[in-house]
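What follows is each chain in one-letter form.
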Amino acid sequence: AQISSGQFGLGLLNVTLDWSSVASYLGSPIVTPFWAIANILVGFIIVMWIITPALYYTNSWEAQKYPIYFWKVYDVYGNRYDTKRIITKDLRMNETAYYEYSELRMPAQFAFTYGFGFAGLSSILVYIFLHHRHEVWARFRDSRNQPQDIHMKLMRSYAEVPVWWYAAMFVISVVLGIVCVEKFKLDMTWYMFLVCMLLPLIFVIPIGMIQAVTNQQPGLNIITELIFGYIYPGNAIGNVTFKVYGYITMTQALFLVSDLKLGHYIKIPPRHLFICQSLGTIIAAVIQLFVAYWLMETVEGMCVDKAGNPWRCNSAATFYSASIIWGLIAPKKTFNDQDYGVTLHGFWIGALLPIPFYFLQKRYPNSWVRNIHIPVVLSASGLLPPAPPALFINWAIVGFVFNYLLKRYRTTWWERYAFALSAGMDSGMAISTVIIFFALSNNGVVMPEWWGNDSSCHAENMPLIEPVPTPKPGA
């Protein structure tokens, strides 16, 4: 099961025809260039099929006490980490109780993924500087007087969005954010809120340029957690708040740019698009909050991690584990004071890696080397966990079929139908999901089990070394 499990193992020989699984974390592979798919696949193979087995089967970091792949955190005895034993009434860490109980442990793959993430973050800045510094400067310099293509000429028929609209939206959002963190006691000061606004400002252009050519968006979750965790250790709620504002601000900014670009090409008046985006964001936030509370109240076992439960909430569970790693216990104790600290070398390794490939690409501009994209390779593991490992393989297979074989040997068909098929599959998945939930899942109907979908498999059934009972407090 450690080798073949698509959910809790390495995902070898695991195949699915479920589009909701294939496109769930990385988006549709049909709209991602094949060279980007290949880079992501290389990163996945390095992390999951080379490094993870090497760490696990050599018992590095006592890896065999824990699952080979999982998003939970553990104590030194091999059991789930009991945060209640070290947390105070004001949700801060009790240092005395921490040292009496246990240091924090995590699966070796989980820890190494952070090292890969550190490397990916630093590589982004170096890569953009090496490859695109002149382009970035030219775009800034010529932003108001660049040559107009046919699309810009046609869009001149519509009134532009005044700058003060964006300025007003920014001021209102910042004020509401400060009120939120101060009024609702989210354990973060107003000036740290302003600090977390600077991170998207630094990374939005580098990450936006990578997303524009690869259809993949590296995240800021690790750097936001790291910064706040060192400044305010032992503060889980504040760490989560800082992370969300810093990470999601950049994500939403790039989504907005993407939608504005689409509106530009299909000739939607800019002011109409701005208003629709603003209203859509507000409506979506309210609906999502309502649906989340409704599901928590009505679905039995929601976010309960047990074998056979389809409502595990993998992403939310990973988010919770990160709040313990970076917030409650904080990076100094998790990394600097333990063997996991070796992963911090990822920062300088990631900064150096793009340099030799830059010169190779200059030397051989027409060879396959030109398609090596170090930030994409290093950022590939950003979703591991919570994404099922088998997803990457099935996603890459679909991408290979459509964006290599069909594009190369059935070019006319690919140009005419590929993107339309992708949109149709996404739309069909959304509609079928609603129908399946209300017709089947919400009425207690479950799919029959057989050897091909055995739900008894669970990550915590797989450790090679059995956990021992954790001593009780005071023992």
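Located above this text is the structure these notes cover.
Residues numbered from 1 in each chain as written. Predicted model: local features only at pLDDT ≥ 70, side-chain atom pairs only at ≥ 80, totals over all residues. Heavy atoms only, no water.

Enquirer: What am I meant to see in the pattern of salt bridges here?
Expert: Pairing is possible between side chains that carry opposite charge, provided their charged atoms lie close to one another. Evaluated as defined, the whole model comprises six salt bridges. Arg-92 is the partner of Asp-187 in a salt bridge, and the nearest nitrogen-oxygen pair spans 3.5 Å. Here Asp-187 is found in the loop between helix H6 (163-183) and helix H7 (190-214), whereas its partner Arg-92 is found in the loop between helix H2 (34-57) and helix H3 (95-101), with 95 residues between them in sequence. The class of Asp-187 is partly exposed, set by a relative accessible area of 24%. Here Lys-243 and Glu-225 are joined by a salt bridge, their closest N and O atoms 2.7 Å apart. Of this pair, Lys-243 sits in helix H9 (residues 236-265) while Glu-225 sits in helix H8 (residues 221-231), and the two are 18 residues apart along the sequence. On the accessibility criterion, Glu-225 (2% relative accessible area) is buried. One connected set of salt bridges, linked through shared partners, spans Glu-62, Lys-65, Glu-103 and Arg-105. (Salt bridge = Lys/Arg side-chain N within 4 Å of Asp/Glu carboxyl O. Helix = DSSP H or I, 4+ residues; strand = E, 2+ residues; numbered from the N terminus. Buried < 20%, exposed > 50% of the residue type's maximum accessible area, 1.4 Å probe, protein only.)

Enquirer: Looking at this structure, how should I read the packing of H7 against H9?
Expert: Relative placement of two packed helices is described by the angle separating their axes and the distance separating the axes. At a minimum axis distance of 8 Å, the contact between H7 and H9 shows a crossing angle of 35 degrees. Helix-helix and strand crossings are classified by hand; for H7 and H9 the assignment is right-handed. Where H7 abuts H9, its residues Met-192, Phe-193, Val-195, Cys-196, Met-197, Leu-199, Pro-200, Phe-203, Val-204, Ile-207, Gly-208 and Gln-211 lie against Phe-242, Tyr-245, Gly-246, Thr-249, Met-250, Ala-253 and Leu-254. Each residue belonging to the contact of H7 with H9 can be placed in one class, and the counts come to 15 nonpolar, four polar and no charged. (Axes fitted to C-alpha atoms, helices over the stretch in contact; angles between N-to-C directions. Left-handed = near helix turned anticlockwise from the far one by under 90°. Contact = heavy atoms within 4.5 Å. Nonpolar A, V, L, I, M, F, W, Y, C, P; charged D, E, K, R; others polar.)

Enquirer: Before we go on, may I ask you to explain a nonpolar patch on the surface in this structure?
Expert: On the surface, a nonpolar cluster with roughly 840 Å² of combined accessible area is contributed by Ile-275, Leu-279, Ile-283, Ile-287, Phe-290, Val-291, Trp-294, Val-434 and Phe-438. Listing elements by their share of the nonpolar patch, those giving two or more residues are helix H10 (270-298) and helix H17 (411-439). Here the nonpolar patch takes seven residues from H10, the largest share from any one element. For Ile-287, the position within the fold is in helix H10. Taking relative accessible area as the criterion, Ile-287 reaches 46% and is therefore assigned partly exposed. (Patch = residues over 30% accessible without salt bridge, like charges linked within 9 Å, V, L, I, M, F, W, Y side chains within 5 Å. Areas by Shrake-Rupley, 256 points an atom, 1.4 Å probe, with all protein chains shown as cover.)

Enquirer: Even after reading the chapter, I still don't get the packing of aromatic side chains, so can you show me in this structure?
Expert: The description of two aromatic rings rests on the distance between their centres and on the angle between their planes. In the structure shown here, the tally under the stated rule is 32 aromatic pairs. Each ring, one from Trp-61 and one from Tyr-340, has its centre 5.2 Å from the other, and the planes form 75 degrees; the classification is edge-to-face. Placement of Trp-61 in the loop between H2 and H3 and of Tyr-340 in the loop between helix H12 (330-336) and helix H13 (346-352) is noted, with a sequence separation of 279 residues between them. No difference in accessibility class separates Trp-61 from Tyr-340, as the two residues are buried. Plain terms: the ring middles of Phe-228 and Phe-242 are 5.4 Å apart, the flat faces sit at 35 degrees to each other, and that makes the pair tilted. Residue Phe-228 is located in helix H8, and its partner Phe-242 is located in helix H9; the two are separated by 14 residues in the primary sequence. Ring-pair connections join several aromatic residues into one group, and the members of that group are Phe-110, Tyr-114, Phe-118, Trp-326, Phe-335 and Phe-347. If you follow Arg-271 out to its NZ or CZ, it ends over the ring of Trp-165, 5.4 Å from the centre. (Phe/Tyr/Trp six-rings, centres within 6.5 Å; stacked < 30°, edge-to-face > 60°. Lys NZ or Arg CZ within 6 Å of the ring centre and 35° of its normal.)

Enquirer: For this particular structure, what's the right way to read the nonpolar core?
Expert: Here is a general trend for soluble globular proteins: nonpolar side chains tend to be buried in one another's company. Of all hydrophobic cores here, the largest spans 79 residues; its most connected members are Ile-86, Met-106, Tyr-114 and Ile-325. Per element, the largest residue contribution to this core is 11 residues, and it comes from helix H4 (residues 108-141). Aside from chain neighbours lying at most four places away, what touches Met-106 is Tyr-66, Lys-72, Val-73, Ala-111, Tyr-114, Ile-325, Thr-334 and Tyr-340. Val-181, Met-192, Met-197 and Phe-228 belong to the second-largest nonpolar core, a separate cluster that totals 10 residues. (Core = buried A, V, L, I, M, F, W, Y, C linked by side-chain atoms within 4.5 Å.)

Enquirer: Explain the packing of helix H16 (residues 389-409) against H17 to me, please; I cannot follow it from the model alone.
Expert: Contact geometry of H16 with H17 gives a least axis separation of 6 Å together with a crossing angle of 140 degrees. On H17, the residues that touch Phe-402, Asn-403, Leu-406, Lys-407, Arg-408 and Tyr-409 of H16 are Thr-411, Trp-413, Trp-414 and Leu-421. For the contact of H16 with H17, the residue count by class is six nonpolar, two polar and two charged.

The analysis is restricted to geometry; functional conclusions fall outside its scope.
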